[in-house]
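# Notes for the structure review
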Amino acid sequence: MKTRRDFIKVSALGTMGAAMATSVVSMAKGSSLLGSPKGSDSGSNKQNRYPTYCEVCFWKCAAWTYTDKNGKISKIIGNENDPHCNGRLCPRGTGGIGMYYDNDRLTHPLIRVKGKGEEKDTFRKATWDEAFDLIASKMKDVSNKYGPEAFALFNHGSAGHHLGHLFKAYGSTNITAPSYAQCRGPREVGFAATFGSGVGSPEPTDIRDTKCLVLIGSHLGENMHNSQVQEMSDAIDKGVSIITVDPRLSVAASKSKFWLPIKPSTDLALLLAWINVIINEELYDRDYVEKYTYGLDQLKAHVKNMTPEWAYGITTIKPDVIRKTAREMADAAPSVIIHPGRHVTWYGDDTQRARAMAILNGLLGSWGRRGGFYFKESKSLPHFPHPHYPKPAWSWRDTLDGKYPLAGLAIANGLIDASIPAPEKKHVIKAWMVAGTNLPLTMPQKESLQKAMDSVEFIAVVDTMPMEITGYADVILPECTYLERYDDIRTSPNREPYLALRMPATEPLGDTKPAWWMAKELGHKLGLDEYFNYNDYEEVLDWQLQQVGSSLEEMKKIGVKKFPRKSGPLYLSKGEDYDFNTNSGKIEFYSTELADAGFDPMPVYTAHAEPPAGYYRLIYGRAPMHTFSRTANNPNLHDLKKENNIWINPKVAKLWDLKNDQYIWIKNQDGVISEFPIKVRVTERIRWDSIYMVHGFGHSDRKLSRAYGKGASDSDMITNVKIDPIMGGTGMRENFVTFLTEKPKEEVPS
Ligand code: SF4
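### Considerations on the packing of helix α4 (residues 128–146) against helix α5 (residues 159–170)
Put simply, α4 and α5 touch, their axes get as near as 12 Å, and they point 40 degrees apart. Of the two possible hands of crossing, α4 and α5 adopt the one that is right-handed. Between α4 and α5, the residues in contact are Met139, Val142 and Ser143 and Leu166, Phe167 and Tyr170, respectively. Looking at the contact of α4 with α5 residue by residue, the class counts come to five nonpolar, one polar and no charged.

### A word on the site of the ligand
If you check the shell around the ligand, you find Cys54, Val56, Cys57, Trp59, Lys60, Cys61, Leu89, Cys90, Arg92, Gly93, Met224 and Asn226 and nothing else. When its residues are assigned to classes, the shell around the ligand shows eight nonpolar, two polar and two charged.

### Notes on the packing of aromatic side chains
Two descriptors summarise a pair of aromatic rings, namely the distance from one centre to the other and the angle between the planes of the rings. What the rule picks out here adds up to 32 aromatic pairs. Between Phe154 and Trp432 the ring centres are 4.7 Å apart and the planes differ by 50 degrees, which places this aromatic pair in the tilted class. In this pair, Phe154 sits in strand β6 (residues 151–155) while Trp432 sits in strand β13 (residues 431–435), placing the two residues 278 residues apart along the sequence. Given the relative accessible area of 0%, Trp432 is considered buried. On the basis of an interplanar angle of 80 degrees and a centroid distance of 6.0 Å, the ring pair of Tyr534 and Tyr537 is categorised as edge-to-face. Residue Tyr534 shares its accessibility class with Tyr537, and that shared class is buried. Here the aromatic cluster, defined as three or more aromatic residues joined through ring pairs, consists of Phe384, Trp516, Phe532, Tyr534, Tyr537 and Trp543. Across from the ring centre of Tyr692, 3.7 Å away, lies the NZ or CZ of Arg248, which sits over that ring. Above the plane of the ring of Tyr534 lies Lys520, whose end atom (NZ or CZ) is 5.4 Å from the centre.

### Comments concerning the sheet that holds strand β8 (residues 212–216)
Pairing is parallel in the open sheet, where four strands are placed in the order β10-β9-β8-β12. The two strands at the open ends of the sheet, each matched to only one other strand, are β10 (258–260) and β12 (336–338). Across the sheet, the mean angle from the axis of one strand to that of its neighbour is 10 degrees, orientation sign disregarded. Most of the contacts of helix α13 (residues 319–332) go to β10, to which it runs at about 135 degrees, and overall it touches β8, β9 (241–245), β10 and β12.

About the thresholds
Residues numbered from 1 in each chain as written. Predicted model: local features only at pLDDT ≥ 70, side-chain atom pairs only at ≥ 80, totals over all residues. Heavy atoms only, no water. Axes fitted to C-alpha atoms, helices over the stretch in contact; angles between N-to-C directions. Helix = DSSP H or I, 4+ residues; strand = E, 2+ residues; numbered from the N terminus. Left-handed = near helix turned anticlockwise from the far one by under 90°. Contact = heavy atoms within 4.5 Å. Nonpolar A, V, L, I, M, F, W, Y, C, P; charged D, E, K, R; others polar. Near = heavy atom within 4 Å. Phe/Tyr/Trp six-rings, centres within 6.5 Å; stacked < 30°, edge-to-face > 60°. Buried < 20%, exposed > 50% of the residue type's maximum accessible area, 1.4 Å probe, protein only. Lys NZ or Arg CZ within 6 Å of the ring centre and 35° of its normal. Pairing = 2+ DSSP bridges.

Treat this as a map of the structure, not an account of what it does.
Laid out in structure tokens, this is it:
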């Protein structure tokens, strides 16, 4: 059925992607977008180098982009003074150059044209002025009719800050990123409820000095967060004991002393049994627990019956293994890390699972201890002066009717839901800007997403590539890649505070532009010039850097700059008094915040749905050479991995008569069938009740000439979600799939 906003393959234009490589070489240099002066000359090979930080994923490793004598980007290498990478980029980061050279890139602003009669919808090339006029007129229109709050921004990555500033100046704080409620949110809330501080990125895990690393569904080694993986590798050399809990023998599991192939959805029972053993065998850090924690007695009573024998019946992990691994952690304490994980939105009780992990760390005394979690620090930069933002009349929180009270950031699924009108809804989102996030392959429950996109009056998309989301846009603004632009100074926390500069190494390709420029120009059209009181972003960066005793000129030469710590040592000293940012001032085993909000103050295990007969639980993860769906078309990274495959246990494969490398379709419990087939991988490395696939494949936009039709999309299969009542995260692991060796005829796209 056709919908109001039909997905348009941007390829219908036939105007883009021409002779990209040659145009790259011949681009002129020296305009204000390139910046001046150039980075330093590396001498012997007459290359210029420019500081940047990587945006292939969001670990943000600082690097040098090299250009040859023709101004052509030749390589990217890590900045050796940067603690995010220690001079070594991961395979994805090295392949980041492919983002620049991808000949499928968006190169001009595009405006959707409604065809007449038999003509199909299509896009036409537009000037920036036309595109901005259209967006500004819609923003004014929405503001006049519904208030500026009805215009929402979905974002991911560096563009989000620039456009977020525009939205706040305009009057909307309905700004969201799926990295919260579809990824890290529950752990931030769970750890904050325990320690008074979330985890953040990079995680302050002291892996280099740890003696025991516990990974629960965490894909370190496959999810290549650079310095973390480097530290893990060093720790392995030093003999760290790794305990991996995963229904799949992941890369990390293969390096582990203990692999616990747990029955999926039962991790919380295992964590509670570990807590039971550590308390009952008095393996916890007595002095630490006495001095810094609150609620041990309540916790002891709470887990009294949650013995390893109790957990065995739930998790399938044998009691002696549960005891042995608990003792292994205690032997290493306080140099032990129960890693908080990254993508943790699984079953809807995810905040409570994160709480159990935090409690375990608290019992073992690892928070604020060498080899556990260090106290991170960042260098803050003042904001470039601008007037106060207007106070919005309502925000995302008002759309939730009191639900998800501990959500610390706007939840993307909440704003999607708020875009579907209903009589009882007081606040409805009427228009979107989407920057750097491919919602159709990122969000679960595609049907709701489609309904929301059909309902809103306008969608503007900012991206470098023709992703699926661009097909739903009314206007597309082509962003230049991170190699062609200035962005904000990186201020991420670490053991010591560091700043890192991103600057362009070459001119933006075609008619692409940086997001800071788009925000400023749109601000001008909206009469918001006073919020953008600068000529270009160099002026902003130089002003900010001058406030902390540096300058843009200095940062162009060095790329990263280290500052002394001001918040005290990395770890607690013996007997030190410390005030945790919780209601009690202590590490809360019994969470007063959760109790006050009406939730279980200590984690409670509840059983989750089992797969129906003939179905298997869908588990998804990461590949080291790809980031979400955004890199599948990158020529360098595509060469390393072109498609995903589906891991199937040999017993199951035999039952279904499936062979290695055979292509099959998958169908979920709600009858949704994968658009494209996926290759079978028969392996003992996955439990019989589950299947596994790497996320980010199965692109359906034909303009992605390499990625189109390669592999299957796990997101399409996620039609059932369990919402975390505490913070609104979407638990996505209660979806089950079965196998089809042929696609039913009626399902074949015409
Ligand atoms: Fe880039 Fe890899 Fe660092 Fe991510 S971990 S920022 S992809 S180099």
